[in-house]
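Topology and contacts: notes
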Amino acid sequence: MGEGPIWDVTTQCLYWVDSTGPRVGKDAIWRLNPSTGEMSSWPLDQDIGAMTLREGGGSILALSDGFYSFDFDSGKLELIAKVDDDPARARLNDGKCDRAGRFFAGGMDDQEELGICGLWRLDPDLSLTKVEDGIICSNGPCWSPDNRTFYFADTFQNEIWAYDYDLDTGDLSNRRVFASTANDGGFADGSTVDAEGYLWNAQVISGDLIRYAPDGRVERKISMPVRNITSVMFGGQDLEDIYVTSMARVSHPATHDNFSVETKPQFAAGGLFRIRGLGIRGLPETRFAG
């Protein structure tokens, strides 16, 4: 279950996670150096929702039950703070840093039906604040180029929301619907924003990569070769390559039938894809400041 791609402009490498890989003995954190083809990976013993790189080295991880620091060289994992979402059925999912170096990550109900989860902000002083609640499945946190708008999706509420954002404090206000997926063939998953202020969203189930204008209008749609794409990130030397993650055959709860049973695996499902030649540039991702 590929998720949460992050392009590191310093090392020119792409990181991403296999969210539920540890359940079946797969490594959880992955890194690709596109210039050499070198791949690296690291194991964990629990689900991982998201990661961000840290200014002083290493990373911050959003794992099932909270936020942790992780050292790539030693593999050392240290708890920073646990969240108070229901541990019996909730886990942290998608996350990303704002441009002041705060890490936002939200929860998801593992049964994909109840709004029991929160959205959390980890500040550079390692204090943790809940900034939103009532969420079924957190996805796609990202910010407009001017840092005045925060975008966030609840996958199974069929909406991408926009908030007014205060970069000085990390506070959210004035939530409104930016885009609805209720009449689409898929659900909103991971997102990023390009240098022109357009939001890119990976739609799971339909396999459509959608570019939304700042007013919420669909500017273009790119159909991917697999149905269950999960997230999107700009990378490459000039931030003009687009990387898209996807999931393979993942078991989903019986509370809904959105994920139809495949009669056979889709070719390349669970793969990492790269799109080139669109002439659209992304924005560099910020490292965690703590």
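Everything that follows concerns the structure shown earlier in this document.
Let me begin by describing the structure that accompanies this report. A quick note: this is a predicted structure, and the numbers were derived from the prediction, not measured. (Residues numbered from 1 in each chain as written. Predicted model: local features only at pLDDT ≥ 70, side-chain atom pairs only at ≥ 80, totals over all residues. Heavy atoms only, no water.)

Applying the stated rule across the entire model yields 22 salt bridges. Between Arg287 and Asp8 there is a salt bridge whose closest N-O contact spans 2.9 Å. Taken together, the residues span a long stretch of sequence, with Arg287 in the segment after strand 23 (273-275) and Asp8 in strand 1 (residues 2-8) at a distance of 279 residues. Linked through salt bridges whose partners overlap, the residues forming this network are Asp98, Arg102, Arg121, Asp123 and Asp171. (Salt bridge = Lys/Arg side-chain N within 4 Å of Asp/Glu carboxyl O. Helix = DSSP H or I, 4+ residues; strand = E, 2+ residues; numbered from the N terminus.)

Time to look at unusual backbone geometry. The phi angle at Asn158 is positive, at roughly 60°, despite the residue not being glycine. One can find Asn158 in the loop between strand 14 (149-154) and strand 15 (159-166). Asn158 sits in the partly exposed class, given a relative accessible area of 22%. (Buried < 20%, exposed > 50% of the residue type's maximum accessible area, 1.4 Å probe, protein only.)

What links the strands of a sheet is backbone hydrogen bonding, and the strands pair in either a parallel or an antiparallel sense. Spatially, four strands are ordered 9-10-11-12 in an open sheet, and the strand pairing comes out antiparallel. Of all strands in the sheet, those bounded by a partner on one side alone are strand 9 (90-97) and strand 12 (128-135). Each adjacent strand pair in this sheet contributes to an overall mean axis angle of 20°, direction not counted. Where strand 11 (residues 117-122) and strand 12 come together, five bridges link them in antiparallel fashion. Each bridged residue has a counterpart across the sheet, and for Leu122 the counterpart in strand 12 is Leu128. (Pairing = 2+ DSSP bridges. Axes fitted to C-alpha atoms, helices over the stretch in contact; angles between N-to-C directions.)

Strands sit in the order 17-18-19-20 across an open sheet of four strands; the sheet is antiparallel. On the outer flanks of this sheet lie strand 17 (187-193) and strand 20 (218-223), each paired with one strand and no other. On average, each strand axis in the sheet is inclined to that of its neighbour by 25°, with strand direction left out of account.

For soluble globular proteins, the rule of thumb is that nonpolar side chains tend to be buried together. In terms of nonpolar packing, the biggest core is built from 15 residues, with Ile29, Leu44, Ile48, Met51, Leu61, Phe70 and Phe72 touching the most fellow members. Those elements that provide at least two residues to this core are strand 2 (13-18), strand 5 (48-53), strand 6 (59-63) and strand 7 (66-70). Setting aside anything within four residues of it in sequence, one finds Met51 in contact with Ile6, Tyr15, Val17, Ile29, Ser59, Ile60, Leu61, Phe72 and Phe103. Counting 14 residues, the second-largest nonpolar core is a separate cluster that includes Ala202, Ile222, Met224 and Phe234. (Core = buried A, V, L, I, M, F, W, Y, C linked by side-chain atoms within 4.5 Å. Contact = heavy atoms within 4.5 Å.)

The next thing to look at is the environment of Gly75. Along the chain, Gly75 turns up in the loop between strand 7 and strand 8 (77-82). Judged by its relative accessible area of 37%, Gly75 falls in the partly exposed class. Each C-alpha atom of the pair Gly75 and Glu113 lies 34 Å from the other, and the pair is 38 residues apart in sequence.

Summed over all chains, the structure comprises two cavities of 30 Å³ or more. Here the largest cavity is characterised by a volume of approximately 110 Å³. Together, Lys96, Cys97, Asp98, Arg99, Cys142, Trp143, Thr192, Val193, Leu283, Pro284, Glu285 and Thr286 line the largest cavity. Elements with a minimum of two residues in the lining of the largest cavity: strand 9, strand 13 (138-143) and strand 17. Counted by class, the lining of the largest cavity contains six nonpolar, two polar and four charged residues. The computed volume of the second largest cavity comes to approximately 50 Å³. Looking at the second largest cavity, the residues that line it are Gly4, Pro5, Ile6, Ala50, Met51, Asp94, Gly95, Lys96 and Ser231. If you list the elements that add at least two residues to the lining of the second largest cavity, you get strand 1, strand 5 and strand 9. Looking at the lining of the second largest cavity residue by residue, the classes come out as four nonpolar, three polar and two charged. (1 Å grid on protein atoms, 1.4 Å probe; cavity = no way out; pocket = protein on both sides within 12 Å on 5 of 7 lines; lining within 4 Å. Points joined across faces, edges and corners; volume = space filled by probe spheres on them. Nonpolar A, V, L, I, M, F, W, Y, C, P; charged D, E, K, R; others polar.)

In terms of strand pairing, strand 2 meets strand 3 (residues 29-33) through four bridges, oriented antiparallel. From the neighbouring strand, Val17 faces strand 3, where its bridge partner is Ile29. Sheet analysis places strand 3 next to strand 4 (residues 38-42), joined by five bridges and oriented antiparallel. In the sheet register, Arg31 faces strand 4, and the bridge partner there is Ser40. Counting the residues in the hairpin turn of strand 3 and strand 4 gives four residues, including Gly37, whose phi is positive at 80°.

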